[in-house]
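Survey of secondary and tertiary structure
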Amino acid sequence: MVPRLLLRAWPRGPAVGPGAPSRPLSAGSGPGQYLQHSIVPTMHYQDSLPRLPIPKLEDTIRRYLSAQKPLLDDGQFRKTEQFCKSFENGIGKELHEQLVAQDKQNKHTSYISGPWFDMYLSARDSVVLNFNPFMAFNPDPKSEYNDQLTRATNMTVSAIRFLKTLRAGLLEPEVFHLNPAKSDTDTFKRLIRFVPSSLSWYGAYLVNAYPLDMSQYFRLFNSTRLPKPSRDELFTDDKARHLLVLRKGNFYIFDVLDQDGNIVSPSEIQAHLKYILSDSSPAPEFPLAYLTSENRDIWAELRQKLMSSGNEESLRKVDSAVFCLCLDDFPIKDLVHLSHNMLHGDGTNRWFDKSFNLIIAKDGSAAVHFEHSWGDGVAVLRFFNEVFKDSTQIPAITPQSQAATADSTVTVQKLNFKLTDALKTGITAAKEKFDATMKTLTIDCLQFQRGGKEFLKKQKLSPDAVAQLAFQMAFLRQYGQTVATYESCSTAAFKHGRTETIRPASIYTKRCSEAFVREPSRHSAGELQQMMVECSKYHGQLTKEAAMGQGFDRHLFALRHLAAAKGIILPELYLDPAYGQINHNVLSTSTLSSPAVNLGGFAPVVSDGFGVGYAVHGNWIGCNVSSYPGRNAREFLQCVEKALEDMFDALEGKSIKS
């Protein structure tokens, strides 16, 4: 299984490829067609983005050994050092030179982009739990707008407005501002738009602003991952104008864009959704959606059977739909129920292959569940934030709005699938597998109310470093050891960047965790504080390196991918048990914080691991943890809470209780 690459996003293709012409404003620029009218074209910076650097081989080896140090005893470490030395001076050196040469010939992309797509699309495990994460929206601040029909209409309209804004080149470019007072201003924007695209990045850089890669955005809409034998394909059809709606396992479609590309009136969209919500059709006996949760080769074979049984046109409608809206027939009970429902649900009312599913429960609880191969957290979070902001601040309809008197019986098409006995058997088997797997997943969450970002920053500590240190202490307390830990970090500051791994387990966190957990009475509060400062500094360095493409994970991954592609025998470094162990990420962690996000989550990436989604807010810390049998998410969270209490005590000069 592969680590989820979700959520350490920076703060705040055909449809829109680099250099795509911006469509003139006059084309369908009626009221409410666009979210924003950026004076800087959306893709203005794309051509001049810097390229993702390939680290020096000696730096990668040094960083790799530093990350291995807390995980190995002296004997194991010496062996791993030997493997590294011979790799660096032998086959590794050759592979690195070949990788650099290959990269020089492919200046339009990054060295990791191809191998990363391969890794995702060649994986045969189910996308459910193994890859797809979710992000849940906060409720609409105006409670009456959380009515299911109202929220579904408003979010759908906002999502289509985002699509139109993106395709017209009117969406503000994604930029990381280090000095917003200088760069996030109308004056700067008016100036930079006249700088040619081939130079625009440098103009932003001069005012400490870092434009981010937006090459993934076009895959947000009209896109689906298609199962194929041995390697899946990504499919996009940006000409399609219809929305796919799932309710009770039934499939409905209707156009949300008219022939001129204008958004269908919100009251009509409301009428069609109202019609679907009032449809009394029972759930199908064999819900087709289960197939998207299958092993990819099994699903590929069954999909072929579906096509040859006369379902080609219906499947094409599903694959090309603008996105998939899932309307659930029950309210959400609590945060744990929210996580289970948005991460996997009951398998009948999601199309897990769609680039994203927008899920809205009976009480208006909403989330985005997304397929991960096409893109990472940055693109999804931007879409998520814009949809939340637009649908809550400028809602298309009110709870009092009357639906249009549209003839939904004609406009809304219900898709019916012809199922052979072999397909029915396949669906039944997929359902049994799905139900059995979901039963094994436990999710629990924690809200630590004693303090957050504000307090920690006053202590001159990195809030992310403190959260990661809490996970190290918790695991040590619960299981008595330090294990491979993964934190994803976006490399979207580079052209076709994806993610890099931060390795939060270090000799510093190990020493600090052991002091807090095993011998707190032997250290003064001042000494414990000093250890926390060391951890924070080192974590800050690792984070900076990862964001600048200077981690070791992606480089070693690309070298391994290259060796396999060239038919070279796998170098010893990769056969070393220590390499297998550091990539068996028992703690898979990912963070995001945004005013639109209630919580996010994903499953563990290994059977004996934890999936840890977390956010450090102004005055509290939220944590959402998943586990399989053999690990205990609730107990882990109790240990996380104890670790946070202890650290806050130490920071306030109090002694630590064992």
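Residues numbered from 1 in each chain as written. Predicted model: local features only at pLDDT ≥ 70, side-chain atom pairs only at ≥ 80, totals over all residues. Heavy atoms only, no water.

- As named in an unreviewed UniProt entry, the chain is Carnitine O-palmitoyltransferase 2, mitochondrial, taken from Colobus angolensis palliatus.
- The chain has a UniProt comment under Subcellular location (unreviewed entry) that states "Mitochondrion inner membrane".
- Check the Pathway (unreviewed entry) section of the UniProt entry for the chain; it says "Lipid metabolism; fatty acid beta-oxidation." (UniProt positions renumbered as here; feature names shortened; annotations may be inferred.)

Comments concerning the overall build of the chain
- Tallying secondary structure elements over the chain gives 22 helices and 18 strands in all.
- Radius of gyration (C-alpha) of the chain: 25 Å, near the 26 Å computed for a compact globule of 658 residues.
- Burial analysis of the chain (658 residues in total) assigns 60% to the buried set.
- Accessible surface computed for the chain: about 25,700 Å², of which carbon and sulfur atoms make up 52%. (Helix = DSSP H or I, 4+ residues; strand = E, 2+ residues; numbered from the N terminus. Rg over C-alpha atoms; globule rule 2.2 N^0.38 Å. Buried < 20%, exposed > 50% of the residue type's maximum accessible area, 1.4 Å probe, protein only. Areas by Shrake-Rupley, 256 points an atom, 1.4 Å probe, with all protein chains shown as cover.)

Some details on the UniProt feature "domain: Choline/carnitine acyltransferase" (unreviewed entry) in the chain
- In the numbering adopted here, UniProt assigns the feature "domain: Choline/carnitine acyltransferase" (unreviewed entry) to residues 52–642.
- Counting secondary structure, residues 52–642 comes out at 45% helix and 15% strand; the distance between its end C-alpha atoms is 40 Å.

Thoughts on the sheet that holds strand β11 (residues 413–415)
- Taken in spatial order, the eight strands of this open sheet run β11-β7-β6-β8-β9-β10-β1-β16, and their pairing is mixed. Edge positions in the sheet fall to β11 and β16 (597–601), since each of these pairs with one other strand and no more. Strand-to-strand twist across the sheet, computed as the mean angle between neighbouring axes with direction ignored, equals 25°.
- Bridge count for strand β6 (residues 242–247) against strand β7 (residues 250–255) is six bridges, and the pairing is antiparallel. Residue pairing across strands places Leu246 opposite Phe251, the latter belonging to β7. (Pairing = 2+ DSSP bridges. Axes fitted to C-alpha atoms, helices over the stretch in contact; angles between N-to-C directions.)

Side note on the UniProt feature "active site" (unreviewed entry) in the chain
- On the UniProt side, "active site" (unreviewed entry) is annotated at positions that read His372 here.
- Within the secondary structure layout, His372 lies in the loop between β10 (366–370) and α12 (377–393).
- The exposure class of His372 is buried, given its relative accessible area of 0%.
- Here Gly375 takes part through its backbone oxygen, which lies 2.9 Å from a polar atom of the side chain of His372. (Polar contact = N/O pair within 3.5 Å; in protein donor to acceptor, adjacent residues only side chain to side chain.)

Overview of the nonpolar core
- In this structure, Phe221 and Phe323 are the most contacted members of the largest nonpolar core, which totals 94 residues.
- It is helix α5 (residues 148–167) that contributes the most residues to this core, nine residues altogether.
- Beyond its immediate chain neighbours, meaning those up to four positions away, Phe323 contacts Thr156, Ala159, Ile160, Phe221, Leu243, Leu244, Lys354, Phe356 and Leu358.
- Counting residues in hydrophobic clusters, the runner-up holds 43 residues, among them Phe475, Tyr614, Leu637 and Val640. (Core = buried A, V, L, I, M, F, W, Y, C linked by side-chain atoms within 4.5 Å. Contact = heavy atoms within 4.5 Å.)

Observations regarding the sheet that holds strand β15 (residues 587–591)
- Taking strand neighbours across the sheet as the criterion, the six strands line up as β12-β18-β17-β15-β13-β14 in an open arrangement whose pairing is mixed. The strands lining the two open edges of the sheet, one partner per strand, are β12 (442–448) and β14 (499–502). Within the sheet, the average angular offset between the axes of one strand and its neighbour, ignoring direction, is 25°.
- Where strand β13 (residues 485–490) and β14 come together, four bridges link them in antiparallel fashion. Of the residues in β14, the one forming a bridge with Glu487 is Ile502.

A closer look at empty space enclosed by the protein
- Roughly 210 Å³ of internal volume is contained in the largest cavity.
- Considering the residues around the largest cavity, the lining is formed by 20 residues, among which Asn598, Leu599, Gly600, Gly622 and Cys623 are closest to the centre.
- Elements supplying a minimum of two residues to the lining of the largest cavity: β12, β16, β17 (610–616) and β18 (621–627).
- If you tally residues by element for the lining of the largest cavity, the top one is β16, at four residues.
- Among the residues forming the lining of the largest cavity, the class breakdown is eleven nonpolar, nine polar and no charged.
- When its volume is computed, the second largest cavity comes out at roughly 70 Å³.
- Lining of the second largest cavity is provided by Asp213, Gln216, Tyr217, Asp376, Val378, Ala379, Ala492, Gly497 and Arg498.
- Across the lining of the second largest cavity, the residue classes tally to four nonpolar, two polar and three charged.
- Both domains that furnish three or more residues to the lining of the second largest cavity are identified here as domain 1 (130–168 + 217–440) and domain 3 (442–652). (1 Å grid on protein atoms, 1.4 Å probe; cavity = no way out; pocket = protein on both sides within 12 Å on 5 of 7 lines; lining within 4 Å. Points joined across faces, edges and corners; volume = space filled by probe spheres on them. Nonpolar A, V, L, I, M, F, W, Y, C, P; charged D, E, K, R; others polar. Domains from an automatic or database assignment.)

A closer look at the pattern of salt bridges
- By the definition in use, this model includes 39 salt bridges.
- A salt bridge links Glu172 to Lys189; its shortest N-O distance comes to 3.5 Å. Note that Glu172 is positioned in the loop between α5 and β2 (175–177) and Lys189 in helix α7 (residues 186–192), a separation of 17 residues in sequence.
- Asp353 is paired through a salt bridge with Arg296; the nearest N and O atoms lie 2.8 Å apart. In this pair, Asp353 sits in the loop between α11 (335–343) and β9 (356–360) while Arg296 sits in helix α10 (residues 296–320), placing the two residues 57 residues apart along the sequence.
- Among the ionic contacts, a cluster of salt bridges with common partners joins Arg124, Arg225, Asp232, Arg296, Asp297, Asp353 and Glu371. (Salt bridge = Lys/Arg side-chain N within 4 Å of Asp/Glu carboxyl O.)

Quick word on the packing of α5 against helix α9 (residues 266–277)
- Where α5 contacts α9, the two axes come as close as 9 Å, and the packing angle between them is 135°. Compared by their axis directions, α5 and α9 come out oblique. The interaxial crossing formed by α5 with α9 has right-handed handedness. Residues Gln148, Leu149, Ala152, Thr153, Thr156 and Val157 of α5 lie in contact with α9, whose contacting residues are Pro266, Ile269, Gln270, Leu273, Lys274 and Leu277.
- Split into classes, the residues belonging to the contact of α5 with α9 amount to seven nonpolar, four polar and one charged. (Parallel < 35°, antiparallel > 145°, perpendicular 65-115°, else oblique. Left-handed = near helix turned anticlockwise from the far one by under 90°.)

Brief notes about the pairing of strand β5 (residues 233–236)
- One ladder, built from four bridges, connects strand β4 (residues 223–226) with β5; its direction is antiparallel. Among the inter-strand pairings, Arg225 is bridged to a residue of β5, identified as Leu234.

Comments concerning the state of the cysteines
- This structure, assessed with the given rule, holds zero disulfides.
- As a non-bridged cysteine, Cys623 has Cys445 as the owner of its nearest cysteine sulfur, 9.1 Å distant.
- The exposure class assigned to Cys623 is buried, which follows from its relative accessible area of 4%. (Disulfide = S-S within 2.5 Å.)

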